[in-house]
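# Fold and contact review
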Amino acid sequence: TYTGQPYAPWKGRKRGALPIALRPEQLVTCVQNHDQVGNRAFGTRLSHDAGIERFALATMLILFLPMTPLLFMGQEWAATSPFLFFTDHEGELGEAVTKGRRKEFEGFAAFRNAHASEKIPDPQSTESFERSKLRWEERRSEPHSHVLELHRAMLALRRDDPVISEPCGWGDVEAIARGEILEVVRRHGAGTRRLLLNFGDEAGVFAKPADARVLLAWGTVEGDRLDAHSALLLAID
């Protein structure tokens, strides 16, 4: 997200502005979209690059925040199919797109030689399009079915929970980093919701209020210990 910083420093251009006057629900947030995935050389998704567990935590976070979430196609079950850049142009335009796509990555160390750049999928190839199609049957097998259930559970909370379902101001949202654990808090009326996320590789310890009840958990939680790549959503009313 650009909020006034240089977009193309070599051209002196800036993009965006601070969204101070906007309410959270007026902003769209995501962990991946067609640009971020499709513009990667091999169209890999976040669930592939970061792993299923960290991807699940990122999903819990965006669906917990008051901003309007965007879910990219297949994200609901951590689809394995890439989303490649594909086109269907004829003649010289098609050839130019293929050359331009590979030239686009010349600035990356991994693609500086011709042999490496040739590995980038040809956008004009039918195979690039076919590989980008979702494999809907994945939803019925692990770990994809588990990720799908997580999405359904978080979306149900966005619809029904008396705190998470309500719009809120910036002052009602707070994020605190405590060691390995990121804690995000939302408040509405007398209710509070605490989302504890451990994106790290070591277990973390957190303080659980006596009156807190568990709304949702991912990974392993034992007492006040939150294992690596685990999350816990608490309600305090």
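Quick note: structure is the one above.
This structure is a prediction, so every number in the text was calculated from the model and none was measured. (Residues numbered from 1 in each chain as written. Predicted model: local features only at pLDDT ≥ 70, side-chain atom pairs only at ≥ 80, totals over all residues. Heavy atoms only, no water.)

Each pair of aromatic rings is reported with the distance of its centres and the angle of its planes. Overall, the coordinates contain seven aromatic pairs when judged by the stated rule. Centroid distance phenylalanine 83 to phenylalanine 86: 6.0 Å. Interplanar angle 75 degrees. Geometry classified as edge-to-face. A relative accessible area of 16% means that phenylalanine 83 is categorised as buried. Of the residues examined, phenylalanine 86 reaches a relative accessible area of 33% and is grouped as partly exposed. Put simply, the rings of Phe42, Phe105, Phe108 and Phe111 pair up and form one aromatic cluster. (Phe/Tyr/Trp six-rings, centres within 6.5 Å; stacked < 30°, edge-to-face > 60°. Buried < 20%, exposed > 50% of the residue type's maximum accessible area, 1.4 Å probe, protein only.)

What follows is about the packing of helix α3 (residues 52–64) against helix α7 (residues 144–160). Relative orientation of the contacting elements α3 and α7 amounts to 15 degrees, with a least axis distance of 10 Å. Taken as axis vectors, α3 and α7 run roughly parallel relative to one another. Our pair here, α3 against α7, has a crossing hand that is right-handed. Residues Ile52, Phe55, Ala56, Thr59, Met60, Ile62, Leu63 and Phe64 of α3 touch α7, and the partners they reach there are Val147, Leu150, His151, Met154, Leu155 and Arg158. Partitioned by chemical class, the residues of the contact of α3 with α7 number 11 nonpolar, two polar and one charged. (Axes fitted to C-alpha atoms, helices over the stretch in contact; angles between N-to-C directions. Helix = DSSP H or I, 4+ residues; strand = E, 2+ residues; numbered from the N terminus. Parallel < 35°, antiparallel > 145°, perpendicular 65-115°, else oblique. Left-handed = near helix turned anticlockwise from the far one by under 90°. Contact = heavy atoms within 4.5 Å. Nonpolar A, V, L, I, M, F, W, Y, C, P; charged D, E, K, R; others polar.)

It is worth spelling out the pattern of salt bridges at this point. Under the criterion given, the structure shown has 16 salt bridges. Note that glutamate 138 is salt-bridged to arginine 135, the shortest N-O span being 4.0 Å. Taking relative accessible area as the criterion, glutamate 138 reaches 9% and is therefore assigned buried. With relative accessibility at 34%, the residue arginine 135 sits in the partly exposed group. Across the pair aspartate 160 and arginine 159 runs a salt bridge, and its minimum N-O distance is 2.8 Å. Each of Asp161, Arg193, Arg213 and Asp237 takes part in a single network of salt bridges with overlapping partners. (Salt bridge = Lys/Arg side-chain N within 4 Å of Asp/Glu carboxyl O.)

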